[in-house]
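Read off the chains here:
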Amino acid sequence: MFEHVIGQSEAQERLMQMVGVGRLPHAIMLCGPSGSGKLALAMDFAAQLLGRTQNDKAMLAKWEHPDLHFTYPTIKLSSMSSDHKPVSDDFAREWNQLIMSGLYFTMNEWLEQMGGENQQAIITAGESDDLLRKLSLKSSQGGYKVSIVWLPERMNIECANKILKLLEEPPSQTVFIMVCEEPDKLLETIRSRVQRIDIRKIDDADIQLALVERRGLTEDVAARVTRMVNGSWLKALETLNSDSENELFLDMFQSLMRLAYQRKVKDLKAWSERMASMGREKQKRFLEYFLRLIRENFMYNFQNSELCYMTQREEDFARNFARFVNEANILPISNLATTAIRDIGQNANAKIVFFDLALQMIVLLIQKN
C-alpha cells in the first residue's frame, strides 16, 4: 500500500484511518526531519486517493496522473524572460525524472537536477496563480484532486497569502498535502488551517530491514550503517553512495591529526592547500565529516559499542586516536569546525581557513582532562 515508504507504520495507519472513517481534511501537513520519508508518505497516500481504476494505477506508476498536481521550489534560469515568475511546470520534466529515480532526495539534489546548484530555490506567486487555475477545473477522473506542496516554507510572502486563500476556500474535492521541514517559517494562519501530522525519525529496525531487503546488505553491515544514520533513510543512501568521498575525507582527517600531533607546520600548510583546491561544497562536507568523527571519537572513549556510529576503518583509527579527544577539548574543536563551516559558506579564503584550523589543532590535541 505504501510501497515507497521506509517504516512509519503509525503515520500510514493514521492517514488511512482518516479515509476509512470519512473524515479526510482538505489540507494535511506532514512535518518532520529530512530523510524521514514525508514526501514518500504524501505521494503513496495520494496514490491511494487517486488509484481507483487500473488506468489510474498505470498513470500513477509514472506519477503522471492528471489529478495529481505538484508544487515545489524553483529557480530563475538565464533563459527566462525578466518578467517571468518561475513555476513548477517549468521544471516538470526534471521533477518527474527525479521522483522516478526515488522519493528520498535533498534540496541540493533537486537544485542540481534543475541546473542551479548556487541559487536559492523558492515558490513564487506565479505558482499560486497556476495552482488556482489547475484546481478550479473539475477532476478529470471524477474523484479527488490532490495537490502536493513540497517544502511550503519556501513560499515567498505573496505566494503564501494566495495559498492561504486557497486553503480558506478550497476547490471542490481537493486535498492539499504539504510536506514541510520547518513549519515555524510558515504563516501562522496557514498552519492553523491544516491538519498537522508529525513524522518521526525512522525506527532503526525499519532502516536495518530496508538495507537488507532493498539494498542487499548483510545483517552486520546493515546494523553498522543503521547506527550511523540516526533514523534518516537519506543519510543511509548517502552513506552507501559516498563511500569513495568518505574514504578521501578519512584520509584527510587522519593526515591532519597526525601532522598536527607531530607539529609539522610545513606539511600542514601543504594539507591546507590541498583542502583549498576542493570546491566549497566539498570543503563544507569535509568539515561536517570532521565534526561527526570528532564527536564519535569522543564517544568511543566511553567504550560502549552501542554509542559508536563509525565504519570499520574509522573505528580502527579511533582505537589509537580517540584518547586525544576529551572533555577539555571536545567543545573547542567542535566550535573550530563550526566556525570554519560558516567562514567557507561566506566565501572566506579557504587556504587561510584550513591553515588556521590545522595550526589550532596542534594546541588543542595536547589539552588533557
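For the structure, check the block above.
Quick notes on the rules
Sequence positions are assigned chain by chain, starting from 1 and proceeding in written order. Where local features are concerned, this predicted model is filtered to residues with pLDDT of at least 70; where side-chain atom pairs are given and counted, the filter is 80 or more; whole-chain, interface and lining totals use all residues. Where side-chain values are given, they derive from all heavy atoms of the structure, hydrogens and water being excluded. The helix and strand labels rest on DSSP assignments: H or I over at least four residues marks a helix, E over at least two residues marks a strand, and numbering proceeds from the N terminus. Note on exposure labels: buried denotes an accessible area under 20% of the residue type's maximum, exposed denotes more than 50%, and partly exposed covers the range between, all computed with a 1.4 Å probe on protein chains only. Multiply 1.5 Å by the residue count of a helix minus one, and that product is the helix's expected span. Two cysteine sulfur atoms make up a disulfide if the distance between them is within 2.5 Å. Whenever a carboxyl oxygen of Asp or Glu lies within 4 Å of a side-chain nitrogen of Lys or Arg, that contact is scored as a salt bridge. Residues are called lining when one of their atoms sits within 4 Å of a cavity or pocket point, these points coming from a 1 Å grid over the protein atoms alone, where a cavity is a set in which a 1.4 Å probe fits but cannot get out and a pocket is an open set with protein on both sides within 12 Å along at least five of seven lines. Grid points are joined across faces, edges and corners, and a volume is the space filled by probe spheres set on the points. For this classification, the nonpolar set comprises Ala, Val, Leu, Ile, Met, Phe, Trp, Tyr, Cys and Pro, the charged set comprises Asp, Glu, Lys and Arg, and every other residue, Gly included, is treated as polar. Here an angle of 0 to 180 degrees is reported between the N-to-C directions of two axes, which are lines fitted to C-alpha atoms, with helices fitted over the stretch in contact. For classification, angles of less than 35 degrees are called roughly parallel, those exceeding 145 degrees roughly antiparallel, those between 65 and 115 degrees roughly perpendicular, and all remaining angles oblique. Residues count as neighbours in contact if any of their non-hydrogen atoms are within 4.5 Å of one another. Remark: nonpolar core denotes a set of buried residues (Ala, Val, Leu, Ile, Met, Phe, Trp, Tyr, Cys) joined through side-chain atoms within 4.5 Å. Helix crossings are classified by the rotation of the near helix relative to the far one: an anticlockwise turn of less than a right angle makes the crossing left-handed, while a clockwise turn makes it right-handed. For two strands to be treated as a pair, DSSP must find at least two bridges joining them. Note that His is not counted, nor are the chain ends; the positive residues are Lys and Arg, and the negative ones are Asp and Glu. Think of a polar contact as two N or O atoms within 3.5 Å of one another; within protein, one of them needs to be a possible hydrogen donor and the other a possible acceptor, and neighboring residues in sequence only count if both atoms come from side chains.

**Student:** Sorry, what's going on with unusual backbone geometry here?
**Tutor:** With the exception of glycine, the majority of residues adopt a negative phi angle, and the majority of peptide bonds are in the trans configuration. Within the chain, Q8 stands out as a residue other than glycine whose phi angle is a positive 60 degrees. Tracing the backbone through its elements, the reader meets Q8 in the segment before helix 1 (9–20). With a phi angle near 55 degrees, N230 is a residue other than glycine that sits in the positive phi range. Along the chain, N230 turns up in the loop between helix 10 (219–229) and helix 11 (233–241). Exposure remark for N230: the relative accessible area of 45% places this residue in the partly exposed category.

**Student:** Help me understand helix 2 (residues 38–50) in this model?
**Tutor:** Look at helix 2: 18 Å from first C-alpha to last across 13 residues, which is about the 18 Å you get at 1.5 Å a residue. Of all 13 residues in helix 2, twelve are buried; the element is thus mostly enclosed. Turning to helix 2, its buried residues number three or more, namely K38, L39, A40, L41, A42, M43, D44, F45, A46, A47, L49 and L50.

**Student:** Help me understand the state of the cysteines, please; the structure alone is not making it clear to me.
**Tutor:** Think of a disulfide as a covalent bridge from one cysteine sulfur atom to another cysteine sulfur atom. In total, this model carries zero disulfides according to the counting rule given. Not engaged in a disulfide, the cysteine C31 finds its nearest cysteine sulfur in C180; these two sulfurs lie 4.7 Å apart. Look at C31 and you get buried, because its relative accessible area is 3%.

**Student:** Honestly, the pattern of salt bridges in this entry has me stumped. Any pointers?
**Tutor:** Oppositely charged side chains can form a pair if their charged atoms are brought close together. Scanning the entire structure with this criterion turns up 20 salt bridges. Between D89 and K134 there is a salt bridge, and its shortest N-O distance comes to 3.0 Å. Of this pair, D89 sits in the loop between strand 2 (68–71) and helix 4 (92–101) while K134 sits in helix 6 (residues 125–135), placing them 45 residues apart in sequence. Given the relative accessible area of 14%, K134 is considered buried. Among the ionic pairs, D343 bridges to R342, the shortest N-O distance being 3.0 Å. Counted as one network, the salt bridges with shared partners bring together K85, D129, E158 and K162.

**Student:** In this structure, what is going on with empty space enclosed by the protein? I would like to understand it.
**Tutor:** By rolling a water-sized probe across the atoms, one finds the places where empty space is left. Across all of its chains, the model carries one cavity of 30 Å³ or more by this definition. In this model, the largest cavity occupies a volume close to 30 Å³. Surrounding the largest cavity, L49, L50, R52, D56, H65, D67, Q141, G143 and Y144 form its lining. Classifying every residue of the lining of the largest cavity gives three nonpolar, three polar and three charged.

**Student:** How should I be thinking about the packing of helix 14 (residues 280–300) against helix 16 (residues 330–345) in this particular structure?
**Tutor:** In a pair of packed helices, the angle between the axes and the distance between the axes together describe the arrangement. Relative to each other, helix 14 and helix 16 sit at 170 degrees, their axes nearing to 9 Å. In terms of their interaxial angle, helix 14 and helix 16 are classed as roughly antiparallel. Listed contacts from helix 16 to R280, Q283, K284, L287, E288, F290, L291, I294, R295 and F298 of helix 14 are I330, I333, S334, A337, T338, A340, I341, I344 and G345. When its residues are assigned to classes, the contact of helix 14 with helix 16 shows eleven nonpolar, four polar and four charged.

**Student:** What exactly am I supposed to notice about the nonpolar core here?
**Tutor:** Note on soluble globular proteins: their nonpolar side chains tend to be buried together. Ranked by internal contacts, the top residues of the largest apolar core, which has 60 residues, are L30, L68, W95, W110, I148, W150 and W233. Here this core gets ten residues from one element, more than from any other, and that element is helix 2. Ranked by size, the runner-up nonpolar core spans 45 residues in total, among them F286, L293, I333 and L357.

**Student:** Looking at this structure, how should I read the packing of helix 10 against helix 11?
**Tutor:** The N-to-C vectors of helix 10 and helix 11 enclose an angle of 125 degrees; their axes lie 9 Å apart at closest approach. By the angle class used here, helix 10 and helix 11 are oblique. Helix 10 and helix 11 meet at a crossing whose hand is right-handed. Every residue of helix 11 that contacts helix 10 at V225, M228 and V229 is listed here: K235, A236 and T239. Considered class by class, the residues forming the contact of helix 10 with helix 11 number four nonpolar, one polar and one charged.

**Student:** Sorry if this is basic, but what is going on with the pairing of strand 3 (residues 145–150) here?
**Tutor:** Remark: a regular strand shows side chains that alternate across the two faces of the sheet. Along strand 3, six of the six residues are buried, which leaves the element largely enclosed by surrounding structure. Burial along strand 3 is two-sided: the face carrying K145, S147 and V149 and the face carrying V146, I148 and W150 are both buried. Looking at chain direction, strand 2 and strand 3 are connected through four bridges and run parallel. In the sheet register, F70 faces strand 3, and the bridge partner there is I148.

**Student:** Any chance you could explain the environment of L98 here in plain terms?
**Tutor:** Note on placement: L98 falls in helix 4. With relative accessibility at 7%, the residue L98 sits in the buried group. Ignoring anything within four residues of it in the chain, the contact list for L98 reads F105, W110 and Q113.

**Student:** What should I look at first to understand the sheet that holds strand 2 in this one?
**Tutor:** Each strand in a sheet pairs with its neighbour through backbone hydrogen bonds, running either in the same direction (parallel) or in the opposite one (antiparallel). Judged by pairing direction, the sheet is parallel, and its five strands sit side by side in the order 2-3-4-1-5 without closing on themselves. The strands lining the two open edges of the sheet, one partner per strand, are strand 2 and strand 5 (195–198). Mean inter-strand twist for the sheet, computed between neighbouring axes without regard to direction, equals 20 degrees. The sheet strands contacting helix 6 are strand 2, strand 3 and strand 4 (174–180), and the helix crosses strand 2 at an angle near 175 degrees.

**Student:** Honestly, the side chain of E127 in this entry has me stumped. Any pointers?
**Tutor:** As for its position among the elements, E127 is in helix 6. Despite its burial, E127 pairs with no opposite charge, the nearest such side chain being K134 at 5.1 Å. A distance of 2.5 Å separates a polar side-chain atom of E127 from the backbone nitrogen of S88. Apart from the residues lying within four places of it in its own chain, the contact partners of E127 are F70, T71, V87 and S88.

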